[in-house]
Amino acid sequence: LKRTLACCGCMALLVGASAMLALASCSDSEHTEGAPRENVKLLVSIPGYMATGGKEDKSTGDPGTAVDEGSDWDRLTIILAYNDNGNRVLKRTLSKDDFDNLPDYESRPGIKLFTINVPVGNTYIYGITYSSNAANNPEADIDACKSYTDVQELTISNDYASNNSTIDYAKFVSVATGYYAGDDGLPALFTVQQGSGEIGSMPTMTLTRLASKIDVQWDAADAYEQGYTEVKITDFKYNGQAVGRMFPSVNTVTVDAGKAWTFYNTSDISQRNGRVYHYTFTDGEASPHITFNINAKYNGSDRNGNFTLTFSEPLHQAAWYKVNATIKGITGSGSINLAM
C-alpha cells in the first residue's frame, strides 16, 4: 500500500579519482590529519526537481493541494559515519545555490554531480535537506553527531518552520532524508578504497520526502428525526507526536511526547463542511487520531459531543492519507485511507 509522494529524488554514489569541484559553500565538519583519503563522486537528485530542465517541479497530483511541494530548502548535508578506526563522523554541507550550479551528470538535467575528498574506510552514508533559516531546524543536532548511532537516532520537531503557531508548510514538506541501503532496505556499509582509480559499481541512495500529508474532509448534517438541528463542527484536533524521526524505518530512539494541533472552523460554511491539510513528521511508532468537536441543538437545547477517527497503524514516511468524516446529529462515521 505504501507509495511515496510525487517528486521523490535519489542520490547515487560512485568512486573515482577525478579532481574535486570547487564549492564555495561546501563545509567539512572534520579533517582527519594524516589519514589516507580518496575522492568520491556523488550523483544527486533531490525531491522537487523534474527530469528535464533541472527546474523545480511544483506539481502535486492533487488539484486541491494548497502547498507547493517543491524544493524550498537551502542546505543539503551529506553525512559519512565510519564504523572503523573509532567513531568518525564527517559532514559535507552544500547550499542550494551551489547545488543548482553543479553540472548535470552526462547531460541528464536534474541529476547533479559533485566530488568530495574523504578518508578511506567503511562508512554509512546519509543525506538530509532542510532550511537553515527555519525555526526548530535540525542543524545543531546534525552538527552534534559523533557516531553512527547518533546519526540514526536524529529527530526533527513537528514545529519545524513554525512562526507564532503558523507553520511554513512549503519548507516543512521540503525536508528529505535517505541513506545508502543494502538489499534488505537497511543502512549498508560503503567502502571508500584508496587508489581505486577505476569507477566501480554505482550504489544508490534515495532521498525521500519526510513529511506525511493528512487530508481531512468533513460534512455535518442535521438529524431532524432524532431532534438535532444546527449541527456544527466548531473545531477538530489532530493528536500526534511532538517530534518525528529523521529516518523512521531504522530509528530506534523512543519518542513519547504527544501533542495536539487544533483547527478552528470560524465560518458557518466551514462548520458544516470543509477540507484542511496537515503535514507531520512520523515517529514510525504511534498511531495518531483526529477528534471532531460537535455542537448542535436538541429540541431547542444546546448539546455537544465528540467523534474520533484513529489511524490503524503508524504513519508511513511521505505518504498521503485521506480522512473523511460524516457527522449527523452528534454522532458520526468515517474512514481513513492511504491515498498515495
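Throughout, residues of each chain are indexed from 1 in the direction in which the sequence is written. A pLDDT threshold of at least 70 governs which residues receive local features in this predicted model, and a stricter bar of 80 or more applies before side-chain atom pairs are shown or counted, although totals over entire chains, interfaces and linings include all residues. Only heavy atoms go into the side-chain values, all of them from the structure, while hydrogens and water stay out.

Visitor: Help me understand the layout of surface pockets in this model?
Guide: Rolled over the atoms, a probe as big as a water molecule pinpoints where empty space is left. Reported here for the second largest pocket is a volume of approximately 210 Å³. As for the second largest pocket, its lining consists of Ser-165, Thr-166, Ile-167, Tyr-169, Ala-260, Trp-261, Thr-262, Phe-263 and Tyr-264. Helix and strand definitions follow DSSP, with helices as H or I runs of at least four residues and strands as E runs of at least two, each counted in order from the N terminus. When residues of the lining of the second largest pocket are traced back to their parent elements, those giving at least two are strand S11 (166-167) and strand S19 (258-264). Classes in brief: Ala, Val, Leu, Ile, Met, Phe, Trp, Tyr, Cys and Pro nonpolar; Asp, Glu, Lys and Arg charged; the others, Gly included, polar. In terms of residue class, the lining of the second largest pocket is made up of six nonpolar, three polar and no charged. Using a grid of 1 Å spacing that covers the protein atoms alone, one calls a set of points a cavity when a 1.4 Å probe fits there but cannot get out, and a pocket when the set is open and has protein on both sides within 12 Å along at least five of seven lines; lining residues are those with an atom within 4 Å of a point. Grid points are joined across faces, edges and corners, and a volume is the space filled by probe spheres set on the points.

Visitor: Whenever I open this one, the sheet that holds strand S23 (residues 320-328) confuses me. Can you help?
Guide: Two pairing modes exist for strands in a sheet, parallel and antiparallel, and in both the strands are linked by backbone hydrogen bonds. Following DSSP output, two strands are said to pair if at least two bridges run between them. Sheet architecture is open: four strands sit in the order S20-S16-S23-S24, paired in mixed fashion. One side of each edge strand has no neighbouring strand; the edge strands of this open sheet are strand S20 (273-280) and strand S24 (331-338). If you compare each strand with its neighbour and ignore which way they point, the axes differ by 15 degrees on average. Pairing geometry for strand S16 (residues 212-221) and S23, over nine bridges, is parallel. Residue pairing in the sheet places Asp-219 in a bridge with Thr-326 of S23. Note on geometry: axes are C-alpha line fits, over the in-contact stretch for helices, and angles between N-to-C directions span 0 to 180 degrees.

Visitor: Explain the sheet that holds strand S22 (residues 301-310) to me, please; I cannot follow it from the model alone.
Guide: The antiparallel open sheet is built from four strands, whose spatial order is S19-S17-S21-S22. The sheet is open, and its two borders are formed by S19 and S22, each paired with just one other strand. Within this sheet the neighbouring strands show an average axis-to-axis angle of 25 degrees, counted without direction.

Geometry only, nothing functional implied.
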